[in-house]
Amino acid sequence: MASDHPDIARGPLDTDILVVGAGPAGLMLACELGLGGAEVLVLDQRPGPTTESRATTLHARTMEIFDSRGLLAELGTPPCEPRGHFGGIGLDLTLPGSHPGQWKVPQRRTEELLQDRAVELGAGLLRRHQLVALTVGPDGVTADGIGPDGPVRINARYLVGCDGEDSTVRRLIGADFPGRDAERELLRADVGGVETPDRRFLRLPDGLAISATRDGVTRVMVHEFGKPAVPRSGAPAFDEVVDAWQRVTGEDIAHGSPLWVNAFGDANRQLARYRHGRILFAGDAAHQQMPSGGQALNLGVQDAFNLGWKLAAEVRGDAPDGLLDSYHTERHAVGAAVLANIRAQTLLLLGGPEVEPARTLLTELVALDGVRTELAGAVSGLGIRYPVTDDADTGRPGTDHPLLGRRLPPSALDGPAGDTTAALLRTGRGLLLDLGTGADPATVGPWADRVDHVTARPATGSPLTPGEALLVRPDGHVVWAGDPGTDPRGPHTALRRWFGAPATAPAGTDGAHPTHRHAATAAAR
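None of these values were measured; they are calculated from a predicted model. (Residues numbered from 1 in each chain as written. Predicted model: local features only at pLDDT ≥ 70, side-chain atom pairs only at ≥ 80, totals over all residues. Heavy atoms only, no water.)

Caption draft 1: View of the overall build of the protein chain. Along the backbone of the protein chain there are 13 helices and 27 strands. Scaling as 2.2 N^0.38, a compact globule of 525 residues should have a C-alpha radius of gyration of about 24 Å, and the protein chain matches this with 24 Å. Taking the principal axes of its C-alpha atoms as reference, the protein chain extends roughly 75 × 60 × 40 Å. When burial is assessed residue by residue, the protein chain has 57% of its 525 residues classed as buried. Sequence separation of at least 24 residues holds for 70% of the intrachain contacts in the protein chain that already meet a minimum separation of 6. In the form shown here, the protein chain has an accessible surface area of approximately 21000 Å², with 52% of it arising from carbon and sulfur atoms. (Helix = DSSP H or I, 4+ residues; strand = E, 2+ residues; numbered from the N terminus. Rg over C-alpha atoms; globule rule 2.2 N^0.38 Å. Buried < 20%, exposed > 50% of the residue type's maximum accessible area, 1.4 Å probe, protein only. Contact = heavy atoms within 4.5 Å. Areas by Shrake-Rupley, 256 points an atom, 1.4 Å probe, with all protein chains shown as cover.)

Caption draft 2: Focus on the sheet that holds strand β27 (residues 478-482). The strand order across the open sheet built from four strands is β24-β23-β26-β27, with neighbouring strands paired in mixed fashion. Two strands lie at the open edges of the sheet, namely β24 (451-455) and β27, each paired on one side alone. Ignoring strand direction, the axes of neighbouring strands in this sheet form an average angle of 15 degrees. The pairing of strand β26 (residues 469-472) with β27 spans four bridges and is antiparallel. Bridge assignment links A469 to a residue of β27, and that residue is G482. (Pairing = 2+ DSSP bridges. Axes fitted to C-alpha atoms, helices over the stretch in contact; angles between N-to-C directions.)

Caption draft 3: Region of the structure containing helix α2 (residues 60-67). Among the eight residues in α2, eight count as buried, and that is most of the element. Of all the positions in α2, only A60, R61, T62, M63, E64, I65, F66 and D67 are classed as buried.

Caption draft 4: Expanded view of the packing of helix α1 (residues 24-35) against helix α4 (residues 107-120). Where α1 contacts α4, the two axes come as close as 8 Å, and the packing angle between them is 25 degrees. Between α1 and α4, the interaxial angle falls into the category roughly parallel. Considering how the two elements wind past one another, α1 and α4 form a crossing that is left-handed. Taken together, the residues of α4 that come into contact with α1 (itself represented by P24, L27, M28, A30 and C31) are Q107, T110, E111, L114, Q115, R117 and A118. Residue classes in the contact of α1 with α4 are distributed as seven nonpolar, three polar and two charged. (Parallel < 35°, antiparallel > 145°, perpendicular 65-115°, else oblique. Left-handed = near helix turned anticlockwise from the far one by under 90°. Nonpolar A, V, L, I, M, F, W, Y, C, P; charged D, E, K, R; others polar.)

Caption draft 5: Seen up close, the sheet that holds strand β21 (residues 287-288). Read from one edge of the open sheet, three strands run β12-β18-β21, paired in antiparallel fashion. The two strands at the open ends of the sheet, each matched to only one other strand, are β12 (179-180) and β21. The pairing of β12 with strand β18 (residues 268-270) spans two bridges and is antiparallel. Paired with G179 across the two strands is R269, which belongs to β18. On top of the sheet, helix α8 (residues 325-350) reaches β12, β18 and β21; it is set at about 175 degrees to β18, its chief contact.

Caption draft 6: Structural view of the nonpolar core. The biggest cluster of nonpolar side chains holds 65 residues, and the ones touching the most others in it are I17, L18, M28, L33, F66 and L159. Leave out the neighbours within four places in its chain, and F66 touches M28, L58, L71, L72, L75, T110, L113, L114 and V301. (Core = buried A, V, L, I, M, F, W, Y, C linked by side-chain atoms within 4.5 Å.)

Caption draft 7: Focus on the pairing of strand β10 (residues 140-147). Taking burial as the measure, the eight residues of β10 include seven buried ones, the bulk of the element. Pairing of strand β9 (residues 130-137) with β10, which is carried by seven bridges, proceeds in the antiparallel orientation. Bridged to L131 within β10 is G145. Hairpin connection of β10 to strand β11 (residues 150-161): two residues between the antiparallel strands.

Structure representation (structure tokens):
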């Protein structure tokens, strides 16, 4: 089936994985699936990347993810703001890492970047196509859609709904989506031809006003204290924004030219399960939240980054038991924590005079470094720690290494590999990074089709510790740390848990294991 976009590769009607939705989460997932050797097709209603750059913030963890896939060069040097906010209260977001702060990239540019990479990695893209029906069988999913040339049927082994908070996939399968409806809302518009003072979360007697002008376009956001959210079937009229802005600020912006207008409420919902057999969900299709602090887009991209390598391993046939289910275990917990912090921020941001005592107290608390670090880690994504191990993995205590479950800290490296930790992750494969233990490369030999062995030394000032080895998943999270020389079974246990059965029996272990090989060569950058 030919795409409606002239630069997009033709997509098959039979595919390993169908991704519904070509927003940042869906396109990031397509990139990861292609990098992992899976055949992927993306279906989307829109004719191309969004023309409304509603989300403009990439947080530190997302920037690190893009760096680990060689995507940052295409972005150039976007503006960076070291300070963000928590519920409208200023928050220093700088934490140790390669890209501290928040980076200003219009959503359209993010989608263009990810779309180009997905196509480069072999993804097909069907634009102007709407999903209308799903049939789930024991071996796959059949999706029926309507496009410019009529109906289309797609057979896939798995389907992932990345189609936003009003997800068609979620509706079609009746997935349980508990939570609360919107009680408050912000009106938002990008307007040309107006002049207003820049306002950063200005709380006035009658409401909240936010405005900023860039390249001749002013983004305004306004909320009237005590005014409930209005049920909507579409975008509000610009006149509604004009009237609310007048009541809250006393300013008239009616003479401006609206580029786009929307309203977003504080609805807070999360799927009970991110996986329903052969159908999975990521991004706003899995969780609905107010986009406070720019967290929504970043949360979705990070969902996709966690899911992509696991689903690719599943279709290749080398995934261990339970690997795909770990997506729900890990990301549902992260999503719940983010939704909780966004709900707290919404109360602080949109609450009336009754929230002022809490705002005053939090303003004092964020001056304490421990509080600031905790909140900055939550907003930026750098504080994530997955439950990747327990004592049963090794049969001994002392497994709580400070890096276990956390992302591999960005670091420059000395040695034959040179370069950086981010560069070592660009193959999308696993990594055993030996920082001076002298580990035998044969440690990963039976998994050499899935895991690289690299010897290097941490450069001066590195957060990494010389004299240990780290086993790192394709998404950059550390799943084992130690010395293979003194604990030879430790890495083998972790390799089995996260990368499946070895192709050959590891030295020093008993028993043979079935061979699983990659179905495709992952692209390295």
